[in-house]
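Residue-level listing of the chains:
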Amino acid sequence: MSVLCLGEALVDLICERPLSDLADADAFVPAFGGASANVAVTAARHGARVALAGGAGDDAWGRWLRARLEREGVDTRFFTLAEEARTRLAFVAIDTAGEPRYELYGEDPRSLLHAFGRGAEDAVAASDGLFLTTNVLVDPDERELALSLREQALAAGQPVVFDPNLRLPRWRLRSQAQSYANACVRDALLVCATSEEAALMTGETEPEQAARALLKGGARMVVLTLGARGAILRGELRADAPGVPAQVRSTVGAGDTLTGVLLARLALSGWYPAAAAAGLREAVAEASRATERWAALD
């Protein structure tokens, strides 16, 4: 395999009309979801060899997710279905600006702990690069494993790509989320974040200043997404990609799409940093197109 992605897959249940309150929904449509899973599928669609380490419950929804991953060409040898867990469902309400609000149901399968058995270190050693988000850092035991795998990858000279994907309601303390997100910036080849996440992590509300702070934190390159204004790349290389006009329905998964495109471009280039700069406009364009559908993936 080329890229080992750590994280969850879940089912998004989306009400496909604008809502101010989830209680106003009258119907939900199931869709593939989960930040790391979305990134893995997007990278696979763009030609990268990708494995997803995680899992779901051993139920109909979990089997549905695994089948979708396999159809998309994602390696599922480390994607386990846990008998004692129920697959997570995210009920999604999308407001008139296209911004989602999530309500999570189902059990946390602690899927990363089940994914490897005793083979976690071997899985990292067999990979060329590692991708993770903070979603695998919320549970203390999963956090210990994920951070140890990150250190193993770095010690072996493997590139690490980090997307904070900060979901504060999952964390007991806001400061804890900030601390662990910033800990994953150090030595990352690429950090992809929204401008809002970067502000939360650095205290800098201006994107250029926030990017500079993340670079001082140890990232080699930083991509900050700026919504309709596109994205900027700073660090070892510098690039700007203007926004691409779109008829926005939903921003669900748009950032995952951008990250997945850049992850694929880096992996296919042999982790050559210039590939991120060269692929930034494509990544922004695909993320923009993603906002024209309700779900993260078509």
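Not measured: the values here are computed from a predicted model.

**Q** Describe the environment of Trp61, with residues and values.
**A** Positionally, Trp61 belongs in helix H2 (residues 60-71). As a C-alpha pair, Trp61 and Thr87 span 26 residues in sequence and 6.2 Å in three-dimensional space.

**Q** Mind laying out the environment of Gly243, listing which residues take part and the relevant values?
**A** Inspection of the secondary structure assignment puts Gly243 in the loop between strand E13 (239-241) and helix H9 (254-268). The sequence separation of Gly243 and Ala267 amounts to 24 residues, and the corresponding C-alpha distance is 25 Å. Beyond its immediate sequence surroundings of up to four residues, Gly243 is in contact with Ala228, Arg229, Gly230 and Val284.

**Q** Hey, could you go over the side chain of Thr87 for me, with residue numbers and the actual values?
**A** Inspection of the secondary structure assignment puts Thr87 in the loop between strand E5 (79-82) and strand E6 (89-94). Polar side-chain contacts of Thr87 include one of 2.6 Å to the side chain of Asp59. When sequence neighbours within four positions are dropped, the list of residues in contact with Thr87 reads Val11, Ala56, Gly57, Asp59, Trp61, Gly62, Leu65, Tyr105 and Gly106.

**Q** With reference to specific residues and values, describe the pairing of strand E4 (residues 50-57).
**A** The element E4 is extensively covered by neighbouring structure, given that 8 of its 8 residues are classed as buried. Pairing between E4 and E5: 4 bridges, direction parallel. Bridging from a neighbouring strand, Gly57 pairs with Ala82 of E5.

**Q** Which residues make up the sheet that holds strand E3 (residues 29-33), and what are the values?
**A** Spatially, E3-E2-E6-E7 is the arrangement adopted by the 4 strands of the open sheet, whose pairing is mixed. Single-partner strands in this sheet number two, and they are E3 and strand E7 (100-105). Looking at each pair of strands side by side, their axes are set apart by 30° on average, direction ignored. Bridge analysis of strand E2 (residues 10-14) against E3 gives 5 bridges, and the strand direction is antiparallel. Bridging from a neighbouring strand, Leu13 pairs with Pro30 of E3. Relative to E3, H2 is tilted by about 55°, and along the sheet it contacts E2, E3 and E6.

**Q** Account for the packing of aromatic side chains, with residues named and values stated.
**A** Tallied over the entire structure, the rule returns 5 aromatic pairs. Taken together, a centroid distance of 5.4 Å and an interplanar angle of 90° make the contact between Phe91 and Tyr105 edge-to-face. Within this pair, whereas Phe91 is found in strand E6, its partner Tyr105 is found in strand E7, the two being separated by 14 residues in sequence. Assessed through its relative accessible area of 45%, Tyr105 is described here as partly exposed. Chaining the aromatic ring pairs together yields one cluster made of Phe28, Phe91 and Tyr105.

Each value, and the rule that gives it
Residues numbered from 1 in each chain as written. Predicted model: local features only at pLDDT ≥ 70, side-chain atom pairs only at ≥ 80, totals over all residues. Heavy atoms only, no water. Helix = DSSP H or I, 4+ residues; strand = E, 2+ residues; numbered from the N terminus. Contact = heavy atoms within 4.5 Å. Polar contact = N/O pair within 3.5 Å; in protein donor to acceptor, adjacent residues only side chain to side chain. Buried < 20%, exposed > 50% of the residue type's maximum accessible area, 1.4 Å probe, protein only. Pairing = 2+ DSSP bridges. Axes fitted to C-alpha atoms, helices over the stretch in contact; angles between N-to-C directions. Phe/Tyr/Trp six-rings, centres within 6.5 Å; stacked < 30°, edge-to-face > 60°.

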